[in-house]
Structures are given as C-alpha cells and as structure tokens.
Amino acid sequence: MIKLIYAELFKIASKPRSYLGLLAITVIVGLIHLAMLSDGKNYLDFIFSTFSQTFDISGKILNGNLIAFIILQMLVVQMPLLVAFVTGDIISGESAGGTLRLLAGRPFSRTQIFFAKYIASAVYTAVLILWLGILSLVVGRLLFGDGDMMVLKSDGLTVIRAHDILWRYGIAFLIAFLSLMLIASYSFCISAFADNSITPIVICMATIIIFTIIGTLEIPFFDYVKPFLFTTHMIVWRNIFYQPIDWSEITVSMAIMVAYIVGFTGVAWYHFKTKDILS
Amino acid sequence: MKNKYSCLLVLAGILIGQLTLQAQDAKAIVRQTFKNFAPVLDYSCKASFNFDIPGLNIDHIDGTIFYKRPNKFRVRSNGIIFLPKQNPNQILNIIADTLTFLPVWIGKQTVNNTSCDIIQLVPLKDVDIVAAKLYIDAKGYVQQAQITSKENGTANVINTFDATSKYAMPAKSVISFDMKKFKVPKMVAVDINSKSSTVKKDTGKTTGSVSIVFSAYQFNQKIADSVFTEKD
C-alpha cells in the first residue's frame, strides 16, 4: 500500500499541472504582499472607514496577521479550484490515458488502488495548504511584523490581541484543510465516473462558482438553501477569528463537511470497485 | 404706557445684570479649574482601557498616554486601541480657550456625591464644538462634562478623582458617546454565506463607552514633539 501511495505521489509530482496550484498561490500571495507594501494603508483606511469616522484608531493595524487573513479570504474561491485541478484528474486522467486498466491488472485490490490515489490527493491538498500558510502567515509576519488583528464582519468588528492569534491560525488551517479535502473528495468522486480529465474539473469548478454565488446573494429564499451547500460550511474557518468563538457552529459545520467527504468518497469507492474498467 | 416701558427696561436690566453676574461667577469657577491645570505643560501616564462598544469586540488593553500643550495627544500601546474622537484632554483645551467660549453658570447638581456648579460654555465663534456643559466641584475639578460637536455628536465624560490626584487630573474617566450601528457591505467584509438582513429592524442608534483608568502620572518632563509623530 505504501508503495502504491509513493507511486501515486510520484505521478502527481511528475505532472506539470500539479505545480500550477503552487505557482498560482505564490503569484497571488506575492502580488498581495507587494500591493500591501506599497498601498496597504490606503486600502485599510477604506476598509475600516466606517469605524474611523467615529473613532481614532491607534496601533499597528497593517501587520502580518491581518495580511494573512485577507489572503485567506481572497483565496476562498480560488483554492478549491486549484485542488480540483489535480484531484479531478487523478482517476479520470488515467482512464483517459489508458493506464487505469494496466494498474487494475497489477496484484493490488481496487480498494488499495483507490485509497492510494485518495491518500496521495490528501497529501497534495496538505502541501497546498502548508504552502499557503508559509507564504501568507510566515512570510507575511516577516514582511509586515506581528500585531493585533482586526476581523471585519458585515455587522461589526473584532480585534484579536497578538498573543491570541497563532493558535487560531493553527485551527483555521486545519479547517481549511478539511474544506479542501471536501473538494478533493467531490472532484475525486466525479473523476471516478468520468472517462476524461476535463469533465470532473469543469463540473467541480461550476459547482463551487454556483454555490458561492448563491451564498453571496442576500435573498431570503436562499437562506433555506444555504445550509445544504457545502461551500457554506467551507468558510467556517473564519469563525475561529470571532469573539466569542461559536464552537457549536464550527463543530456542526465540520461534522457536515466530514459527512460530505465520507459520502463522496464512499460513492466513488463503490463505483470504482464495481465499474468495468475498459480503458 | 410710559410705566409699561419702564417696567420692561427694569426687567431687562435685572436680566442683563443677572447674566453678567452669572458669567462673572462662571468665569471665576472656570479660572479656578484652569489654575489647577495651569502648571502642567506636558504629562505622561499609564492608562488601562476597557471598551463597551456595540458592534466592536475588543479586549482590555494597557498603554501610555502622552499630552503636551496646547493639544498634542497620543496613546502608545502594544495593541490596537479605539478611542472616541472626543478625548479627555478636549475639556482642558476648551477651558483654556477663553476667547472662543463664554462660560455661563446655570445651576448646581450633585455628581459622584459631590456638589458641582454647572457651567455652560457658549461658543462665541463658529467652531466644531456647539455646546459644552461642565460640572465643576469646589476644588475646581471637572467631575462631568457633556460636549456636543458638529462632527462627532455628543460625548459625556464622567471623571473620578482620588487622594493622589494632582493638577485636577482624573484617576478614571468614562467616556460615553452616541454612535450609529456599524454596517459594512458584505462584499467589503467578505462575509458571504451569512443570512440575509431583512429581519433586522432596529434603528441603528446606540451608545458606546470607553473607560480609562489613569496611573503613574508624570508631569512636565519636557516630552519631545517626536513622541507625537512616531509611527505605531
């Protein structure tokens, strides 16, 4: 099994598209850092203008912690696409290339093949999140320094003291990993059904875009729909930065995400185990 | 008819006389207050801030306050602080500005278990502060102040003094102020997937307060101007 996982990881590492995600994160985070270094103060003045009309705000507002938060928020839509780009291709790509039948003929069970691919996808997702964490938080703190973090909500603002931030980021990145694993599982599931690598990626992207648009629309009708959309629960990492932390909401959302992951993976596994591999 | 005009003139005379006396009394009270503070050219002190502001979730924080005449003011701290635009030193600046504000004595009232004269400061020029009411005790300490400005609405400052209070500087100030409920566009806050806001029906008007406990005052240290311009 370990050998299979290594083999799958090697396959991911040997594909140029696997580096596109890392490259995209590097470019996006680099650009945001550059923009914040040159004009971050004006940007934050605009963002917090509602509050500065009433208050004199003193202290180091522009700091690495806030920049990391802004980056995470901005990448809320893009990161799943980067994950789907690789995980959506992991079974269907081999199916399209004709190597899946070859692999199925080897002395490994289909379950072993399936979970080796799944674990390799999880490792890739973890690498993406880790890279994002290093660039946004570690490099951000090196460039902009430490400091209190202002977290904006549509109905208010929370200030988190500097000593109280790092553990929150630790949990936030774990939840973000879970969220991306949900996307990986979803695209993996579609990949198990598809015979070409484009279909799972496009379906996955379309789903995320549609769900995100519904989540953004302030129409009461969608309030009934939103709890059923997995994108609603994927942004629960934000709640870690609210005061007080609503642990029940976080736990429920995490449980729902785990349920989705198990559901998608179960369907994909069952289909992969029973399907006729013709190519 | 002649008697009627005479009566009106007498009444007007009494009224003007009364107002002049009140203004003189008020001036003496304000002068006494300013006299307490007059030796202070600058000061620094430790300050502990507590916030109770609707829509703003912020923990207690400590810092150092610097003040230098006529109106240089700065808070230095390790974290972010939200202070209402009407800072406590604004009162001292108003009192010191005898050319802009006319003090009028309007009554007496007990504040913090201390009998106080109520002094209304009427602006003589077109300035941001449209009205100020000071509650000054027999020692010349400003126990309470209500300041209304065009830009920032009304702020109410309640001061507490203790045995160590020097130069009429408070040991604690609680600043209450009117504010509108914060509303940030969802796209700016990136607050997606939350419920729509059609169920919220409040007026949005509310009151916030910041309490500041002062300690370790140090006066006339010749604080450099650079302290007030240095970056956070």
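Residues numbered from 1 in each chain as written. Chains lettered and ligands numbered in written order. Predicted model: local features only at pLDDT ≥ 70, side-chain atom pairs only at ≥ 80, totals over all residues. Heavy atoms only, no water.

Draft legend 1. The overall build of chain A, seen in detail. On a plain count of helices and strands, chain A comes out with 13 helices and three strands. Seen through its C-alpha atoms, chain A measures out along the principal axes to roughly 70 × 40 × 30 Å. Per-residue burial over chain A gives 52% buried out of 279 residues. In chain A, the proportion of contacts linking residues at least 24 apart, taken out of those at least 6 apart, comes to 80%. (Helix = DSSP H or I, 4+ residues; strand = E, 2+ residues; numbered from the N terminus. Buried < 20%, exposed > 50% of the residue type's maximum accessible area, 1.4 Å probe, protein only. Contact = heavy atoms within 4.5 Å.)

Draft legend 2. A look at the overall build of chain B. The helix and strand tally for chain B stands at four helices and twelve strands. Counting across all 232 residues of chain B, residues that qualify as buried make up 44%. A sequence separation of at least 24 residues applies to 54% of the contacts in chain B between residues at least 6 apart. Counting every atom, chain B has about 12,600 Å² of accessible surface; 56% of that belongs to carbon and sulfur. (Areas by Shrake-Rupley, 256 points an atom, 1.4 Å probe, with all protein chains shown as cover.)

Draft legend 3. A look at a nonpolar patch on the surface. Taken together, the side chains of Leu20, Leu23, Val27, Leu31 and Leu34 of chain A define a hydrophobic patch exposed on the protein surface, amounting to about 490 Å² of accessible area. Its location among the elements puts Leu23 of chain A in helix α2 (residues 17–47). (Patch = residues over 30% accessible without salt bridge, like charges linked within 9 Å, V, L, I, M, F, W, Y side chains within 5 Å. Salt bridge = Lys/Arg side-chain N within 4 Å of Asp/Glu carboxyl O.)

Draft legend 4. Unusual backbone geometry, seen in detail. Backbone torsion omega between Gln243 of chain A and Pro244 of chain A reads -5 degrees, so that peptide bond is classified as cis. Along the polypeptide, Pro244 of chain A turns up in the loop between α12 (230–234) and α13 (247–274). For the peptide bond that leads from Arg69 of chain B to Pro70 of chain B, omega is 0 degrees, which places it in the cis range. Among the structural elements, Pro70 of chain B can be located in the loop between β3 (61–68) and β4 (72–77). A positive phi angle, close to 50 degrees, is found at Asn112 of chain B, a residue other than glycine.

Draft legend 5. Molecular detail of the side chain of Thr265 of chain A. Residues and elements named next belong to chain A. For Thr265, the position within the fold is in helix α13. By relative accessible area, Thr265 is classed as buried at 8%. Polar contacts involving the side chain of Thr265 include one to the side chain of Tyr118, which spans 3.3 Å. With residues near it in sequence (within four places) discarded, Thr265 still touches Phe114, Phe115, Tyr118 and Ser185. (Polar contact = N/O pair within 3.5 Å; in protein donor to acceptor, adjacent residues only side chain to side chain.)

Draft legend 6. Highlighting the confidence of the model for chain B. Confidence along chain B averages 81 in pLDDT terms, with 79% of residues attaining 70 or more. We note a pTM of 0.81 for the whole complex and an ipTM of 0.73 for its interfaces. (pLDDT = per-residue confidence, 0-100.)

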